[in-house]
Amino acid sequence: MIHVFTPTRPRAVAALALIGSMSASGAFACPDWSLQGTPIAFGSEQLWVPQAVDVVAGGNVDLATCPVEGYGWVITQPDFDFTFSENDAGRELELRVEGTCDTVLLVNDASGTWHFNDDDRELNPGIRIPNAPAGAYDIWVGTYAPQTCAARLVLETFGTPPGGGSQGGASQGGDGGGGMQAMADPGNLTDYRDRVGQSFTFTVTGTDRGSVWGSDIYTDDSALAAAAVHAGAIGMGETGPVTVTILPGQQSYQGSPANGVTTSDYGSWSGSYQFVLPEAAVEPAPANLTDYRDRVGQTFRFSVTGSDRGSVWGSGPYTDDSAVAVAAVHAGALAVGETGVVEIRIVPGQQSYQGSSANGVTTSNYGSWQGSYDFVGHEAAPAPAPAAEAPAAPSAGK
């Protein structure tokens, strides 16, 4: 729920009224913008890529007892004194919270207008200020219940992209025919939500800064430059073109770590996008994938001949010291003796691996292991093997 309330008196007078509303005994104190919070400063251009700062949400002041519209628990001084600058383009400023509990957000903007929100995104609040004035913003990150929790404040701008021009003037190339002209990084792709099925090319500089939700398919408000690094479309700090296809909203998005960027889970959202990646080169398959353990989230294409000779633990994912040629047969990607190309994704180590029998190969159970892999496009084998004994310790150290 969003509330906006503008004081009828100048900001300083309104603040004195708030301070004067405290009880004579000082039993409680209400939010006071004149006190010092943690200073942060960003320009409108910087916030085209979302910026996040950590905070402990909540406090000992009950907003319901204060002459400020809203509810929940905050501290008296602002959590942040935010200096917003260089908004000549008249962009919208969005402030949102990602918390580990039910959070609320209170803001006194540069014009002295108070804003309050609760539950904009499930249990997390968000406030968007059109044509946001440059100047000082006082920000309180509170909690719905009288408790504190870890949270972070995310700041982002929307509107005219950097460099000017319209976001609607994109060169389109859904036929994959090439010749697509790269445009400036728009920050995120919420303005392209009505272009489902169309592809666009943007010039971005890879970064690990900014909020991203999903893996492979991302929410359309995810930071494009950070999602591009996560997807492997561009390297960290590298500047170049990336191509995306606009997709419908999904029922859920699953986060993951990849290429130095960790993305978050999210539920239902109204728009999505996916990167159009060049087909990976085919490499001869190694015996196992322990040397790829630090490539979590990346996908590789290997040429391999299916075999039933060798040790394999798990049923998808497999331990990364499992024989690739044998696991490929177990997963149904190849038959014994068949040579072909398999696509393998590196995934984190698991707490346990369950063996099973499938396609003439029986794999073994194992406990905790540091690295794993899975075959893209192939379901895990269904039935566990009947009490398969783990073989003798392999060279990898089991």
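In the block above lies the structure referred to throughout.
Residues numbered from 1 in each chain as written. Predicted model: local features only at pLDDT ≥ 70, side-chain atom pairs only at ≥ 80, totals over all residues. Heavy atoms only, no water.

Draft legend 1. Main features of the overall build of the chain. Secondary structure summary: the chain contains three helices and 27 strands in total. The buried share of the chain, taken over its 398 residues, is 47%. Within the chain, residue pairs in contact and separated by at least 24 positions form 71% of the contacts whose partners lie at least 6 positions apart. Counting only carbon and sulfur atoms, one obtains 49% of the accessible surface of the chain, whose full area is about 17,700 Å². (Helix = DSSP H or I, 4+ residues; strand = E, 2+ residues; numbered from the N terminus. Buried < 20%, exposed > 50% of the residue type's maximum accessible area, 1.4 Å probe, protein only. Contact = heavy atoms within 4.5 Å. Areas by Shrake-Rupley, 256 points an atom, 1.4 Å probe, with all protein chains shown as cover.)

Draft legend 2. Expanded view of the environment of D32. Among the structural elements, D32 can be located in the loop between α1 (11-20) and β2 (38-43). Taking the C-alpha atoms as reference points, D32 and T76, 44 residues apart in sequence, are found 5.9 Å from one another.

Draft legend 3. Representation of unusual backbone geometry within the structure. A cis amide bond, omega 5 degrees, links G316 with the succeeding residue P317. Of note, P317 is situated in the loop between β22 (299-305) and β23 (318-319). Positive phi is not limited to glycine here, since N131 has a value of about 45 degrees. Counting through the fold element by element, N131 comes out in the loop between β10 (126-129) and β11 (135-143). When its relative accessible area of 54% is taken as the criterion, N131 is described as exposed. Non-glycine residue N359 carries a positive phi angle of around 55 degrees. Locating N359 in the fold gives a position in the loop between β25 (357-358) and β26 (361-362). Overall, N359 belongs to the partly exposed group, its relative accessible area being 49%.

Draft legend 4. The arrangement of the sheet that holds strand β13 (residues 183-184) in detail. Here we have six strands laid out as an open sheet, ordered β13-β14-β17-β20-β16-β15, and mixed in their pairing. Looking at the sheet topology across the chains shown, the edges are occupied by β13 and β15 (214-215). Both β13 and strand β14 (residues 199-205) contribute to a ladder of two bridges, which runs parallel. From the neighbouring strand, A184 faces β14, where its bridge partner is T203. Here helix α2 (residues 224-231) sits on the sheet in contact with β14, β15, β16 (217-219), β17 (239-248) and β20 (271-275), set at roughly 50 degrees to β20. (Pairing = 2+ DSSP bridges. Axes fitted to C-alpha atoms, helices over the stretch in contact; angles between N-to-C directions.)

Draft legend 5. Spotlight on the sheet that holds strand β3 (residues 51-57). As summarised here, the arrangement of the four strands in space is β3-β12-β7-β10, forming an open sheet in which the pairing is antiparallel. At either margin of the open sheet sits one strand with a lone partner, and together these are β3 and β10. Shown here is a sheet whose adjacent strand axes are inclined to one another by a mean of 20 degrees, direction ignored. Relative to strand β12 (residues 149-158), β3 is paired through seven bridges, and the arrangement is antiparallel. Paired with A52 across the bridge in β12 is V154.

Draft legend 6. The arrangement of the nonpolar core in detail. Counting 25 residues, the largest nonpolar core has F82, L95, L105, I139 and L153 as its most contacted members. For this core, the secondary structure elements donating two or more residues are β2, β3, β6 (80-85), β7 (92-99), β8 (103-108), β10, β11 and β12. In this structure, I139 is in contact with P78, D79, F80, F82, L95, L105, L106, V107 and L153, ignoring residues within four places of it in sequence. Grouped together as the second largest cluster of nonpolar side chains are 23 residues, A323, A325, V326 and A331 included. (Core = buried A, V, L, I, M, F, W, Y, C linked by side-chain atoms within 4.5 Å.)

Draft legend 7. View of the state of the cysteines. All told, the structure shown has two disulfides when counted by the stated rule. The disulfide that involves C30 links it to C66, with 2.2 Å between the sulfurs. Negative torsions about the S-S bond denote left-handed disulfides, and the value of about -95 degrees found for C30 with C66 makes this one left-handed. Here C30 is found in the loop between α1 and β2, whereas its partner C66 is found in the loop between β4 (61-62) and β5 (73-74), with 36 residues between them in sequence. C66 sits in the buried class, given a relative accessible area of 10%. Here C101 connects covalently by a disulfide to C149, the sulfurs 2.1 Å from one another. Handedness here is read from the sign of the S-S torsion; for C101 and C149, about -65 degrees, the answer is left-handed. (Disulfide = S-S within 2.5 Å.)

Draft legend 8. Quick look at α2. Within α2, seven of the eight residues are buried, which leaves it mostly tucked inside the rest of the structure. Buried residues of α2: L224, A225, A226, A227, A228, V229 and H230, and no others. After α2 finishes, the residue G232 shows a positive phi value of roughly 85 degrees.

Draft legend 9. Seen up close, the pattern of salt bridges. Under the counting rule described, the total for this entry stands at ten salt bridges. Between E98 and R152 there is a salt bridge, with its nearest N and O atoms 2.5 Å apart. Here E98, found in strand β7, pairs with R152, found in strand β12; they are 54 residues apart in sequence, far enough to count as distant. Since its relative accessible area comes to 27%, R152 is described here as partly exposed. Members of the salt-bridge network, linked through shared partners, are E92, E94, R96, R128 and E156. (Salt bridge = Lys/Arg side-chain N within 4 Å of Asp/Glu carboxyl O.)

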